[in-house]
Amino acid sequence: MPGRVGDFKGGRARSHFLEVYRTAMAQLPEVAETHDVATSFGSVRMYRFAGPPDLTPVVLLPGRNASVPMWRGNIPLLQRHRTVIGIDLLGEAGLSVQDKPITGPDDEAQWLDEALAGAGLDRAHLMGVSIGGWTAVNYAARRPGRVASLVLLDPVFTFAPVALKAVLASPALIVPGVPEKLRKRVLRWISGGADIDRAATEAALISSGATDYTVRKAIPKMITDDQLRSLDIPVLALIGGRSVMHDATRAAERARRLLRWGRVEVRPGASHAINGEYAVEIAERAVDFWAEADGRN
């Protein structure tokens, strides 16, 4: 339906994004399998990075304006312990192709469930960063059958509302014609003052996703108290103490109060870009957490 699904802003924008995307993918470990899984809302691009075959796999869900290559620093560490499945979120910049409107949280849960089913994943641990964290929680609350556990990296719309300052800054990432210097400044702010040039691959990917692709789907709804209480699976939430996206203290307090099987940690030095800043620590915590979750199940 024209104007109602996410798409690239034209042929030149698509070509530019694909060039950036392929360059970023080339820096990831070898992809064992690539699948485009059909769902009711479009095809979902999924990559399998082979790890130990006898353990429950891990599914990675990226943030907004990102895609699988944003996990460049995480996949090699995680792959030593688990098979890793990377997904380009449907309706976001990437190689998933939306062809039907995504009108709300039920649709978001449905396409992800269909994608996991189509890939033959009866059981999986989900790890999501930012909007990917929201996607994971929304799915687990609405379609709990396949989810073994959740690892949430500074998730938005999940434990605390998005901060007004982040809302006001976001147009700098998506409005055409914004000077590159300003765009980099906003990305640096979101990343806690990090040197964007040192993370050039991820920065280029997010910048291209923001400028070359138009997201057209419903804004995520805050995860409710009842939904958080309903999660009957282990949840590890790692929240950036310097995150500009929300109040970290408020987010942690609500998570601790409502999660039945929750482990909630605030990383004082971490920004919203926590997955890149603390890749080694996240892998160490996640690997032990998944082992315990598998033992519980």
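Residues numbered from 1 in each chain as written. Predicted model: local features only at pLDDT ≥ 70, side-chain atom pairs only at ≥ 80, totals over all residues. Heavy atoms only, no water.

As recorded by an unreviewed UniProt entry, the protein chain carries the name Carboxylesterase and is attributed to Mycolicibacterium novocastrense.

Caption draft 1: Layout of the packing of helix α1 (residues 11-25) against helix α8 (residues 200-212). Remark: α1 packs on α8, axes separated minimally by 9 Å, with the N-to-C direction vectors making an angle of 160°. Relative to α8, α1 is oriented roughly antiparallel. Where α1 crosses over α8, the two elements pack in a sense that is left-handed. Across the interface between the two elements, Ala13, His16, Phe17, Val20, Tyr21 and Ala24 of α1 pack against Thr201, Ala204, Leu205, Ser208, Gly209 and Asp212 of α8. (Axes fitted to C-alpha atoms, helices over the stretch in contact; angles between N-to-C directions. Helix = DSSP H or I, 4+ residues; strand = E, 2+ residues; numbered from the N terminus. Parallel < 35°, antiparallel > 145°, perpendicular 65-115°, else oblique. Left-handed = near helix turned anticlockwise from the far one by under 90°. Contact = heavy atoms within 4.5 Å.)

Caption draft 2: Region of interest: the nonpolar core. If you look at the biggest cluster of nonpolar residues, it comprises 49 residues, and the most contacted ones within it are Trp111, Leu126 and Leu150. In terms of residue count, helix α4 (residues 131-142) provides more of this core than any other element does, six residues in total. With residues up to four places along the chain from it excluded, the contact list for Leu150 reads Leu126, Ala136, Val137, Ala140, Leu231, Ile233, Pro234, Val235, Leu236 and Phe289. Counting 37 residues, the second largest nonpolar core, distinct from the first, contains Phe49, Met127, Ile274 and Phe289. (Core = buried A, V, L, I, M, F, W, Y, C linked by side-chain atoms within 4.5 Å. Buried < 20%, exposed > 50% of the residue type's maximum accessible area, 1.4 Å probe, protein only.)

Caption draft 3: The arrangement of the pairing of strand β3 (residues 42-49) in detail. Across the eight residues that make up β3, a large majority, six, are buried. Here strand β2 (residues 33-39) pairs with β3 via seven bridges, running antiparallel. Across the sheet, residue Val37 finds its bridge partner in β3, namely Val44. Count of turn residues in the β2/β3 antiparallel hairpin: two residues. (Pairing = 2+ DSSP bridges.)

Caption draft 4: Fine view of the packing of aromatic side chains. In this structure the tally under the stated criterion is three aromatic pairs. Considering the side-chain rings of Phe8 and Tyr213, the 5.1 Å spacing of their centres and the 85° angle between planes classify their relative orientation as edge-to-face. Separated by 205 residues along the polypeptide, Phe8 in strand β1 (residues 7-8) and Tyr213 in strand β9 (residues 213-214) bring together distant segments of the chain. Assigned by exposure class, Phe8 and Tyr213 land together as buried. (Phe/Tyr/Trp six-rings, centres within 6.5 Å; stacked < 30°, edge-to-face > 60°.)

Caption draft 5: Spatial organisation of the pattern of salt bridges. Taken as a whole, this structure holds 17 salt bridges when the rule is applied. A salt bridge links Glu33 to Arg48; its shortest N-O distance comes to 3.0 Å. Here the residue Glu33 occupies a position in strand β2, and Arg48 occupies one in strand β3, the gap between them amounting to 15 residues. According to the relative accessible area criterion, Glu33 is partly exposed, its value standing at 35%. According to the relative accessible area criterion, Arg48 is partly exposed, its value standing at 26%. Within this structure, Asp113, Asp122, Arg143 and Arg146 form a network of salt bridges that share partners. (Salt bridge = Lys/Arg side-chain N within 4 Å of Asp/Glu carboxyl O.)

Caption draft 6: The environment of Ala117, seen in detail. Its place among the elements puts Ala117 in helix α3 (residues 105-118). Overall, Ala117 belongs to the partly exposed group, its relative accessible area being 36%. Taking the C-alpha atoms as reference points, Ala117 and Val37, separated by 80 residues in sequence, lie 9.1 Å from one another.

Caption draft 7: The side chain of Asp88, seen in detail. Of note, Asp88 is situated in the loop between β5 (84-87) and β6 (97-98). In this structure Asp88 is buried but unpaired, with Arg45 as the nearest side chain of opposite charge at 6.0 Å. Polar side-chain contacts of Asp88 include one of 2.9 Å to the backbone nitrogen of Leu95. Ignoring sequence-local partners within four residues, the contact set of Asp88 consists of Tyr21, Val44, Arg45, Ser67, Val68, Gly94, Leu95 and Ser96. (Lys, Arg positive; Asp, Glu negative; His and termini not counted. Polar contact = N/O pair within 3.5 Å; in protein donor to acceptor, adjacent residues only side chain to side chain.)

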